[in-house]
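Report on the structure
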Amino acid sequence: SDYVVKFWFMLILIPVTYDFVTQSTGIETEALSAFAPYVGGGLAIATGDNSDVAPMITAGADVPIGNQFTANAGVNVGFFDSTSVGLTIGVGYNF
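Residues numbered from 1 in each chain as written. Predicted model: local features only at pLDDT ≥ 70, side-chain atom pairs only at ≥ 80, totals over all residues. Heavy atoms only, no water.

Turning our eyes to something else, we now look at the side chain of Thr-70. Positionally, Thr-70 belongs in strand 4 (residues 69–79). Separated by 3.0 Å, the side chains of Thr-70 and Asn-94 make a polar contact. Residues in contact with Thr-70, not counting those within four places in the same chain, are Asp-62, Val-63, Pro-64, Ile-65, Gly-90, Val-91, Gly-92 and Asn-94. (Helix = DSSP H or I, 4+ residues; strand = E, 2+ residues; numbered from the N terminus. Polar contact = N/O pair within 3.5 Å; in protein donor to acceptor, adjacent residues only side chain to side chain. Contact = heavy atoms within 4.5 Å.)

What follows is the structure, encoded as C-alpha coordinates:
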(Lines give C-alpha, C1' and ligand atoms only; values in the text may rest on other atoms or scores of the structure.)
Protein backbone atom coordinates (compact mmCIF):
# COMPACT_ATOMS: atom_id res chain seq x y z
CA SER A 1 0.00 0.00 0.00
CA ASP A 2 1.04 3.63 -0.52
CA TYR A 3 1.54 6.02 2.34
CA VAL A 4 0.94 9.72 1.93
CA VAL A 5 2.47 11.94 4.55
CA LYS A 6 1.32 15.55 4.76
CA PHE A 7 3.28 18.09 6.72
CA TRP A 8 1.43 21.25 5.75
CA PHE A 9 1.35 23.87 8.45
CA MET A 10 2.21 27.50 9.00
CA LEU A 11 3.65 29.18 12.06
CA ILE A 12 2.50 32.75 12.67
CA LEU A 13 4.58 34.81 15.11
CA ILE A 14 3.21 37.93 16.80
CA PRO A 15 6.06 39.45 18.84
CA VAL A 16 6.32 42.69 20.80
CA THR A 17 9.96 43.75 21.04
CA TYR A 18 12.11 46.22 22.96
CA ASP A 19 15.01 47.76 21.03
CA PHE A 20 18.08 48.58 23.08
CA VAL A 21 19.47 52.02 22.35
CA THR A 22 23.20 51.96 21.66
CA GLN A 23 25.24 55.13 21.56
CA SER A 24 27.54 55.83 18.65
CA THR A 25 31.17 56.27 19.59
CA GLY A 26 31.71 58.73 16.76
CA ILE A 27 34.30 56.50 15.13
CA GLU A 28 33.05 55.81 11.60
CA THR A 29 35.08 52.60 11.23
CA GLU A 30 33.64 51.01 14.37
CA ALA A 31 31.03 48.50 13.10
CA LEU A 32 29.47 47.82 16.50
CA SER A 33 28.58 51.48 17.09
CA ALA A 34 25.40 50.94 15.01
CA PHE A 35 24.62 47.47 16.44
CA ALA A 36 20.89 47.37 17.38
CA PRO A 37 19.89 44.39 19.59
CA TYR A 38 16.30 43.57 20.59
CA VAL A 39 14.38 41.17 22.87
CA GLY A 40 10.70 40.46 23.24
CA GLY A 41 7.83 38.08 23.66
CA GLY A 42 4.44 37.35 22.22
CA LEU A 43 2.34 34.60 20.68
CA ALA A 44 3.20 31.77 18.30
CA ILE A 45 0.25 30.32 16.37
CA ALA A 46 0.62 26.94 14.66
CA THR A 47 -1.90 26.14 11.92
CA GLY A 48 -2.78 22.84 10.29
CA ASP A 49 -4.12 19.56 11.68
CA ASN A 50 -2.80 20.28 15.19
CA SER A 51 -3.48 24.00 15.52
CA ASP A 52 -2.20 25.54 18.74
CA VAL A 53 -1.37 28.88 20.34
CA ALA A 54 1.64 29.23 22.64
CA PRO A 55 3.79 31.92 24.24
CA MET A 56 7.05 32.81 22.52
CA ILE A 57 10.24 34.76 23.15
CA THR A 58 12.45 36.41 20.56
CA ALA A 59 15.88 38.06 20.43
CA GLY A 60 18.15 39.33 17.69
CA ALA A 61 20.07 42.21 16.24
CA ASP A 62 20.25 44.51 13.22
CA VAL A 63 23.56 45.82 11.87
CA PRO A 64 23.70 48.44 9.10
CA ILE A 65 25.78 47.56 6.04
CA GLY A 66 26.38 50.95 4.46
CA ASN A 67 23.50 53.37 3.94
CA GLN A 68 21.13 51.14 1.94
CA PHE A 69 21.29 47.68 3.57
CA THR A 70 20.92 46.17 7.04
CA ALA A 71 21.95 42.66 8.09
CA ASN A 72 19.68 41.02 10.65
CA ALA A 73 19.62 37.83 12.67
CA GLY A 74 17.08 36.58 15.17
CA VAL A 75 16.03 33.60 17.25
CA ASN A 76 12.38 32.76 18.03
CA VAL A 77 11.37 30.18 20.64
CA GLY A 78 7.77 28.91 20.83
CA PHE A 79 6.65 26.94 23.89
CA PHE A 80 4.20 24.43 22.43
CA ASP A 81 3.90 20.85 23.81
CA SER A 82 7.50 20.57 22.65
CA THR A 83 9.68 23.66 22.36
CA SER A 84 10.14 24.98 18.80
CA VAL A 85 13.20 27.06 17.90
CA GLY A 86 13.67 29.05 14.71
CA LEU A 87 16.61 31.07 13.41
CA THR A 88 16.34 33.82 10.82
CA ILE A 89 19.21 35.49 8.99
CA GLY A 90 18.66 38.10 6.33
CA VAL A 91 19.48 41.37 4.64
CA GLY A 92 17.02 44.22 4.43
CA TYR A 93 16.91 47.19 2.08
CA ASN A 94 16.62 50.61 3.74
CA PHE A 95 14.30 53.09 2.01
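The next subject is the side chain of Thr-58. Among the structural elements, Thr-58 can be located in strand 3 (residues 52–65). A relative accessible area of 7% means that Thr-58 is categorised as buried. With residues up to four places along the chain from it excluded, the contact list for Thr-58 reads Pro-15, Thr-17, Tyr-38, Val-39, Gly-40, Gly-41, Val-75 and Asn-76. (Buried < 20%, exposed > 50% of the residue type's maximum accessible area, 1.4 Å probe, protein only.)

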